Amino acid sequence: MKHSSRFFENRDCEYYPCHEGIEEINCLFCYCPLYHLENCPGKPVYKIRDDRTVKVCTGCTFPHRPENYEVITRYFKK
């Protein structure tokens, strides 16, 4: 699925690959649009920093997997 409205991979990005273990990385959602959700479908880790709970998504690959495009865009409609 080369560059399309559903998938874009930027191998020239200075941060590529941002996650290990994915053969194709969808850069379309480089910044996860589901970050604000407490119960997102990804696998974030929550850490305590300065008496605050912080959502850490560095190990989550959910928004970068091409097959999750429809799942993410359904959240836009809500």
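Residues numbered from 1 in each chain as written. Predicted model: local features only at pLDDT ≥ 70, side-chain atom pairs only at ≥ 80, totals over all residues. Heavy atoms only, no water.

Asker: Would you take a moment to explain the overall build of the protein for this structure?
Answerer: Looking only at helices and strands, one finds one helix and two strands in the protein. Put simply, the protein runs from its N terminus to its C terminus through helices and strands in the order β-β-α. When its C-alpha atoms are laid out on the principal axes, the protein stretches across 45 × 30 × 15 Å. Relative to its 78 residues, the protein shows a buried fraction of 32%. Counting every atom, the protein has about 6,000 Å² of accessible surface; 50% of that belongs to carbon and sulfur. Charged side chains in the protein number 12 positive and 11 negative. The centres of these two groups are separated by 7 Å. (Helix = DSSP H or I, 4+ residues; strand = E, 2+ residues; numbered from the N terminus. Buried < 20%, exposed > 50% of the residue type's maximum accessible area, 1.4 Å probe, protein only. Areas by Shrake-Rupley, 256 points an atom, 1.4 Å probe, with all protein chains shown as cover. Lys, Arg positive; Asp, Glu negative; His and termini not counted. Charge placed at Lys NZ, Arg CZ, Asp CG, Glu CD.)

Asker: Please explain the packing of aromatic side chains as it appears in this structure.
Answerer: Centre-to-centre distance and the angle between the planes together describe a pair of aromatic rings. Per the stated rule, a full pass over the model turns up three aromatic pairs. Where Tyr31 meets Tyr35, the ring centres are 6.3 Å apart and the plane angle is 45 degrees; that geometry is what we call tilted. Given a relative accessible area of 34%, Tyr35 falls into the partly exposed group. Pairwise contacts between aromatic rings join Phe29, Tyr69 and Phe76 into one cluster. It is Lys55 that lies over the ring of Tyr35; its NZ or CZ is 5.4 Å from the centre. (Phe/Tyr/Trp six-rings, centres within 6.5 Å; stacked < 30°, edge-to-face > 60°. Lys NZ or Arg CZ within 6 Å of the ring centre and 35° of its normal.)

Asker: What am I meant to see in the pairing of strand S1 (residues 45-49) here?
Answerer: Where a strand is regular, its side chains alternate between the two sheet faces. Relative to strand S2 (residues 52-56), S1 is paired through five bridges, and the arrangement is antiparallel. Looking at the pairing, Lys47 lines up with Val54 of S2. Count of turn residues in the S1/S2 antiparallel hairpin: two residues, of which Asp50 carries a positive phi of about 50 degrees. (Pairing = 2+ DSSP bridges.)

Asker: Just to check I follow, could you spell out unusual backbone geometry for this structure?
Answerer: Backbone phi values are negative for most residues with the exception of glycine, while trans is the configuration of most peptide bonds. Across the junction of Tyr16 and Pro17, the peptide omega takes the value -5 degrees, indicating a cis bond. As for its placement among the helices and strands, Pro17 is situated in the segment before S1. At Asp50, a position not held by glycine, the phi torsion is positive, near 50 degrees. Positionally, Asp50 belongs in the loop between S1 and S2. Here Asp50 falls in the exposed class, since its relative accessible area comes to 76%. We note that Asp51 has phi near 65 degrees; this positive angle belongs to a residue other than glycine. Among the structural elements, Asp51 can be located in the loop between S1 and S2.

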